[in-house]
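Residue strings, one per chain:
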Amino acid sequence: MSGTVNDTITAIATPTGEGGVSIIRISGTDAPTIARKLFRTPAGKPANEFTSHKIYYGSIHDPATGECIDEVVLTWFQVPKSYTGEDVIEICAHGGMFVSSRILGLALDHGARPAEPGEFTRRAFMNGRIDLSQAEAVADLIAAASDKALQSALTQLKGHLSKKVNALYDRLLSVLSQIEAAIDFPEEGLDLQKRETSINEVQQVRDEIDVLSNTYRQGKIFREGASVALVGKPNVGKSSLLNALLQEDRAIVTPHPGTTRDTLEERVRIRDTHINIIDSAGLRKHPEIIEEEGIRRTRSAIERADLVLVIFDRSQSLDENDDLMCKEVSDRPRLVIINKCDLPEIWSIDDLKLKMNMDNPIFISVKEQNGLNTLIDAIHNHIVGEEKSCETIFITRERHRAHLVDASTALGATLESLEQKLSEEFVATDLDIAMNHLAAILGKFVEDDLLDQIFNSFCIGK
Ligand SMILES: Nc1nc2c(ncn2[C@@H]2O[C@H](COP(=O)(O)OP(=O)(O)OP(=O)(O)O)[C@@H](O)[C@H]2O)c(=O)[nH]1
Ligand SMILES: [Mg+2]
């Protein structure tokens, strides 16, 4: 991370390319001075003073040559009531790359330096405008590709997760203050009643932390989309189903078993969620050498999938390859699909029930486009589960989950020490560890390396 925290930074905040408007953002102490140097009123005069949060119409000139670069509107957000918590100038220009680059160049010539990715948001965090989980929500909001992703990022940006984590932290803090009082006045110690209340309170906080960390599976799906793997022995119609779900001829389909040799991943939107759907090489007990790597990849897809669609062909007898597949998916979340229902059936459902501890199978014919809506509903229900209110808090980042799990572990140790009436010092140490993990979610006492890692994934200008 270059530069100092007090210098003035600038960037084009809108995406590169042509558009209706583009915004050049300048943040830092020199922002108003730079704006005064570059901006002219419609009468061609310099603007002496700007008022905060008012929009000014005028133009940008090159002070060295007097050349007019563009007609613009300019807004000044006076410190501290701005996105970054510093003086911020936003110049809204016509949306051409050349025009916006010229204005950016002028801001750089007059004292600003180029902002790094996420540096505006990083300053908002450093200046206490938002905490770290809200800063992460800004990145998630920008990257959101579905309503669910948008809703959960917005809830986090509004500070719902922060409030929840802060409340849990404060509850542990009151327990800790009781414990510390007992350490400071050992003659009084932690009496039985206080010990009991502490145990109850720590247990309750721990339960709430566990509930929160358990929302990760769902939250991650909202943020990144769900992985759904299409699995079956060769020729059951996996690639045909992929194409049907995508509504395009993406994967090669032939009547020959063993057509797909590699996994193929495509994104498709189902209702308001996006899923990454993975077509795979057919599982076969005695593969040719060339298929072996493909099958290894199929296994890896089964491992990482949030849902496996296990596909059978009703027109071919069940064989050892179907057995192999049943074994491979036995402990994975799955939907059983029976394809080619347009052809005469060779085996009965009871044959399959014997092989698989099976939920209700879904009958489809990709060829005749039958049963596909039922399948889509089933995928959606499985992925999204029951609808939760949009205010429900979901954990969407592994970083948050890891801190919650560690906090819960430390609280487990706290409870053990309390129950076994060990020295208050032990209790206080574990409580402190748990509280530090909660604080880390919000970015209190955070290391620069972690900030670099988080903000470097942002775009420039945010
Ligand atoms: N009758 C009928 N044929 C189907 C249906 N679905 C797929 N097929 C045919 O089955 C054959 C195999 O289809 P694919 O989609 O390539 O099967 P796959 O499971 O991807 O096969 P591999 O990649 O070899 O593992 C093709 O000839 C498809 O046209 C269906 O619902 N009914
Ligand atoms: Mg295939």
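Residues numbered from 1 in each chain as written. Chains lettered and ligands numbered in written order. Predicted model: local features only at pLDDT ≥ 70, side-chain atom pairs only at ≥ 80, totals over all residues. Heavy atoms only, no water.

Chemist: Give me the nonpolar core: which residues, what numbers.
Modeler: The tendency in soluble globular proteins is for nonpolar side chains to be buried side by side. The biggest cluster of nonpolar side chains holds 32 residues, and the ones touching the most others in it are L172, I179, I209, L411, L431 and L438. Looking at this core, the elements with two or more residues in it are α6 (160-184), α7 (192-213), α14 (398-419) and α15 (424-442). The residues contacting I209, other than those within four sequence positions of it, are L168, L404, A407, S408, L411 and L438. Counting residues in hydrophobic clusters, the runner-up holds 31 residues, among them A226, I270, L309 and I379. (Core = buried A, V, L, I, M, F, W, Y, C linked by side-chain atoms within 4.5 Å. Buried < 20%, exposed > 50% of the residue type's maximum accessible area, 1.4 Å probe, protein only. Helix = DSSP H or I, 4+ residues; strand = E, 2+ residues; numbered from the N terminus. Contact = heavy atoms within 4.5 Å.)

Chemist: Which residues make up α14, and what are the values?
Modeler: Its 22 residues give α14 an end-to-end C-alpha distance of 31 Å, which sits within 8% of 32 Å, the value for a rise of 1.5 Å per residue. Following α14 by one or two positions, K421 has its phi on the positive side, about 50°. (Expected span 1.5 Å × (residues − 1).)

Chemist: Requested: an account of the site of ligand 1, with residues and values cited.
Modeler: Near ligand 1 lie 23 residues; those nearest to it are K238, S240, G258, T259 and T260. The side chain of K238 places a nitrogen or oxygen atom 2.8 Å from an oxygen atom of ligand 1. Contact with the protein chains hides 88% of the accessible area of ligand 1, taken as 650 Å² for the molecule alone. Among the cavities detected, the one that contains ligand 1 is the largest pocket. Per-element tally for the shell around ligand 1: the top contributor is helix α9 (residues 238-246), with three residues. Grouping the amino acids of the shell around ligand 1 by side-chain chemistry returns seven nonpolar, 12 polar and four charged. (Near = heavy atom within 4 Å. Polar contact = N/O pair within 3.5 Å; in protein donor to acceptor, adjacent residues only side chain to side chain. Areas by Shrake-Rupley, 256 points an atom, 1.4 Å probe, with all protein chains shown as cover. 1 Å grid on protein atoms, 1.4 Å probe; cavity = no way out; pocket = protein on both sides within 12 Å on 5 of 7 lines; lining within 4 Å. Sits in = over half its atoms within 2 Å of the grid points. Nonpolar A, V, L, I, M, F, W, Y, C, P; charged D, E, K, R; others polar.)

Chemist: Can you lay out the packing of aromatic side chains for me, pointing to particular residues and giving the numbers?
Modeler: Scanning the entire structure with this criterion turns up six aromatic pairs. For the ring pair F312 and W347, a centre distance of 6.3 Å and an interplane angle of 75° mean the geometry is edge-to-face. With F312 in strand β11 (residues 307-313) and W347 in the loop between β12 (334-339) and α12 (349-355), this residue pair connects regions lying 35 residues apart in the sequence. The same class applies to F312 as to W347, namely buried. Taken together, F39, F50 and Y56 form an aromatic cluster joined through their ring pairs. Directly above the ring of F120 sits R25, whose terminal nitrogen or CZ lies 5.5 Å from the centroid. Here the basic side chain of K444 rests over the ring of Y169, its NZ or CZ set 4.6 Å away from the ring centre. (Phe/Tyr/Trp six-rings, centres within 6.5 Å; stacked < 30°, edge-to-face > 60°. Lys NZ or Arg CZ within 6 Å of the ring centre and 35° of its normal.)

Chemist: Which residues make up the domain arrangement of the protein chain, and what are the values?
Modeler: Segmenting the protein chain into domains produces domain 1 (9-130), domain 2 (135-215 + 395-443) and domain 3 (226-384). Each side of the interface is counted separately: domain 2 has four residues, and domain 3 has six residues. Approximately 420 Å² of surface area, both sides summed, lies buried where domain 2 meets domain 3, with 52% of it carried by carbon and sulfur atoms. Together, A145, S146 and K148 form the three largest contributors to the area buried by domain 2 at its contact with domain 3, with a combined 80%. Here the residues of the side of domain 2 that touches domain 3 are counted per class, giving one nonpolar, one polar and two charged. (Domains from an automatic or database assignment. Buried area = accessible area lost by both parts, 1.4 Å probe.)

Chemist: Run through helix α13 (residues 372-384), naming residues and quoting values.
Modeler: Compared with the 18 Å implied by 1.5 Å per residue over 13 residues, the 18 Å span of α13 between its first and last C-alpha is a close match. Taken together, the buried positions of α13 are occupied by L372, L375, I376, A378, I379, H380, I383 and V384.

Chemist: Please provide a residue-by-residue account of unusual backbone geometry, values included.
Modeler: A cis geometry characterises the amide bond from V79 onward to P80, with omega recorded as 0°. Counting through the fold element by element, P80 comes out in the loop between β5 (68-77) and β6 (88-94). In the Ramachandran plot, Q247 falls in the positive-phi region, its phi being about 60° despite a non-glycine side chain. Within the element layout of this structure, Q247 appears in the loop between α9 and β9 (264-270). For Q247, a relative accessible area of 73% puts it in the exposed group. If you check the backbone angles, Q369 has positive phi at about 60° while not being a glycine. Relative to the helices and strands, Q369 resides in the loop between β13 (362-363) and α13. Its relative accessible area of 52% is what places Q369 among the exposed residues.

Chemist: Describe the pairing of β12, naming the residues involved and giving the relevant values.
Modeler: Counting buried positions along β12 gives six out of six residues, so the element sits mostly inside the fold. Side chains of β12 alternate between two faces, with R334, V336 and I338 and L335, I337 and N339 buried alike. One crossover worth recording links β11 to the parallel β12 by way of helix α11 (residues 320-328), and it is right-handed. With two bridges joining them, β12 and β13 adopt parallel strand pairing. Note on β13: the bridge partner recorded for I337 is I362. (Right-handed = clockwise from strand over helix to strand, strands pointing away. Pairing = 2+ DSSP bridges.)

Chemist: Give me the coordination of the magnesium ion (ligand 2): which residues, what numbers.
Modeler: Protein coordination of the magnesium ion (ligand 2) is provided by S239 (OG) and T260 (OG1), with donor distances spanning 2.0 to 2.1 Å. Of this pair, S239 sits in helix α9 while T260 is found in the loop between α9 and β9, placing the two residues 21 residues apart along the sequence. You can call S239 buried: its relative accessible area is 8%. (Donors = N, O, S within 2.8 Å, 3.2 Å for Na, K, Ca; no water.)

Chemist: Help me get a handle on empty space enclosed by the protein, residues and values and all.
Modeler: With the rule as written, the count across this model stands at three cavities of 30 Å³ or more. Each pocket or cavity is described by its volume, and for the second largest cavity that value is around 40 Å³. S152, T155, Q156, H160, L161, T392, I393 and F394 together form the lining of the second largest cavity. At the level of secondary structure, the elements contributing two or more residues to the lining of the second largest cavity comprise α5 (147-157) and α6. The element best represented in the lining of the second largest cavity is α5, accounting for three residues. For the lining of the second largest cavity, the residue count by class is three nonpolar, five polar and no charged. (Points joined across faces, edges and corners; volume = space filled by probe spheres on them.)

Chemist: So what's going on with the sheet that holds β6? Which residues, and what values?
Modeler: Pairing within the open sheet is mixed, and its seven strands lie in the order β3-β4-β5-β6-β2-β1-β7. The strands lining the two open edges of the sheet, one partner per strand, are β3 (39-40) and β7 (113-114). As defined by bridge partners, strand β1 (residues 9-12) adjoins β7 across two bridges and the pair is classed as parallel. By the bridge assignment for β7, T10 is matched with P114. Along the sheet, helix α2 (residues 97-109) makes contact with β1, β2 (21-27), β4 (55-61), β5, β6 and β7, crossing β1 at roughly 175°. (Axes fitted to C-alpha atoms, helices over the stretch in contact; angles between N-to-C directions.)

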